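A closer look at the structure
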Amino acid sequence: MGNAVLQSIHVHPVKAFRGHAPREAVVEPWGLAGDRRWTLIDDGGKVVTQREQPRLALAAAEPRAGGGVRLSAPDRAPLTVSVPEPAGTVPVNIFGTKVDAVPAAEAAHAWCSAYLQADVRLVHMDDPAIRRPVDPEYALPGETVSFADGYPLLVVTTASLDALNSLIAEGAHAAEGPLPMNRFRPNAVVAGTEAWAEDHWSRISLGEVVFRVAKASGRCVVTTTDQDTAVRGREPLRTLARHRRSGSRLLFGQNLVPLTRGTIRVGDPVRVLD
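Residues numbered from 1 in each chain as written. Predicted model: local features only at pLDDT ≥ 70, side-chain atom pairs only at ≥ 80, totals over all residues. Heavy atoms only, no water.

Thoughts on the overall build of the chain
When helices and strands are counted, the chain shows four helices and 19 strands. Since a compact globule built from 274 residues should have a radius of gyration of about 19 Å, the 18 Å found for the chain is in line with a globular shape. For the C-alpha atoms alone, the extent of the chain along its principal axes is close to 50 × 40 × 35 Å. Expressed as a percentage of the 274 residues in the chain, the buried residues total 53%. Here the analysis covers contacts within the chain between residues at least 6 apart in sequence; of these, 69% occur between residues at least 24 apart. Carbon and sulfur atoms make up 50% of the accessible area of the chain, which totals about 11800 Å². Charge separation in the chain, taken as the distance between the mean sites of 31 positive and 30 negative side-chain charges, equals 2 Å. (Helix = DSSP H or I, 4+ residues; strand = E, 2+ residues; numbered from the N terminus. Rg over C-alpha atoms; globule rule 2.2 N^0.38 Å. Buried < 20%, exposed > 50% of the residue type's maximum accessible area, 1.4 Å probe, protein only. Contact = heavy atoms within 4.5 Å. Areas by Shrake-Rupley, 256 points an atom, 1.4 Å probe, with all protein chains shown as cover. Lys, Arg positive; Asp, Glu negative; His and termini not counted. Charge placed at Lys NZ, Arg CZ, Asp CG, Glu CD.)

Looking at the side chain of Lys215
Position of Lys215 relative to the elements: it lies in strand S15 (residues 209-218). One buried charged residue, Lys215, remains without a salt bridge, the closest side chain of opposite sign being Asp135 at 6.4 Å. Residue contacts for Lys215: discarding those within four places in its chain leaves Tyr138, Tyr151, Arg249, Gln254 and Asn255. (Salt bridge = Lys/Arg side-chain N within 4 Å of Asp/Glu carboxyl O.)

Observations concerning the sheet that holds strand S10 (residues 97-103)
Strands in a sheet are paired, the pairing made by backbone hydrogen bonds, and the direction either parallel or antiparallel. Taken in spatial order, the five strands line up as S5-S4-S11-S10-S9 in an open sheet, and their pairing is antiparallel. Strands at the two margins of the open sheet, each flanked by one partner only, are strand S5 (47-48) and strand S9 (90-94). The sheet contact formed by strand S4 (residues 38-42) and S5 spans two bridges and is antiparallel. Within S5, the residue paired with Ile41 across the bridge is Val47. Where helix H1 (residues 106-116) meets the sheet, it contacts S4, S10 and strand S11 (120-124), and its direction lies at approximately 135° from that of S11. (Pairing = 2+ DSSP bridges. Axes fitted to C-alpha atoms, helices over the stretch in contact; angles between N-to-C directions.)

As for the layout of surface pockets
By volume, the largest pocket amounts to about 740 Å³. Residue lining of the largest pocket: 36 residues in total, with Arg51, Phe95, Ala148, Asp149 and Gly150 positioned closest to the centre. At the level of elements, strand S12 (153-157), S15 and strand S17 (249-258) are the ones that each hand at least two residues to the lining of the largest pocket. Of all the elements, S15 adds the most residues to the lining of the largest pocket, at four residues. Residue composition of the lining of the largest pocket, grouped by class: 16 nonpolar, nine polar and eleven charged. Computed from the structure, the second largest pocket encloses a volume of approximately 220 Å³. (1 Å grid on protein atoms, 1.4 Å probe; cavity = no way out; pocket = protein on both sides within 12 Å on 5 of 7 lines; lining within 4 Å. Points joined across faces, edges and corners; volume = space filled by probe spheres on them. Nonpolar A, V, L, I, M, F, W, Y, C, P; charged D, E, K, R; others polar.)

As structure tokens, then:
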């Protein structure tokens, strides 16, 4: 894998919103700086994602100085939201795990609720170092994560997407393909590998930063959501179920935990260490 490179970097400031693709990003122990530090919750404190609200695919969140975000969505005037003062927290339920987070200003709640036509609140994770541990079944002591699904980073390869799209083209729902990479909402996209090479990684480096490969990523209904229209189809889950199933999980990509800090940059060499 001597020619493998980091092709693109993706940061999603608000979970489930579309993000941006910077040329470089600082790697913190809990993920890329600014990635998924914000999320929406419903009136019971449960995290709201594209699983329940596919229209979130059409809402964008751009980073602003100091950790704030600029929200935009169809038929809505943009709104800039500052990081709230940590005066008090509310409980958040993210896939059964309880996490404390700081509510944003009322204007942010109103903006998001009006867009989704549902009662939601926008909250911010003030201190990822203490708020949410990684799944202990796959974590080392002290590892934490932001509001990402479960792990600090998700890496995917272009070769595996090409292979998946070839399988989709052979199936009953071929017209849905080929699928773009944004269906999988990765943090790091690697080019120059063999298809499914990532299945065999246990430790890699992206440029100067070393990562532990925690486990393969089990995929959900979000991958069937067109990120440009919010319309759902059958793929890739139908094809993953036939070719990439492990028990009840449908696998695509690998979850990473940083072992060192540093900055990753588009074009960085990618090396398999173990």
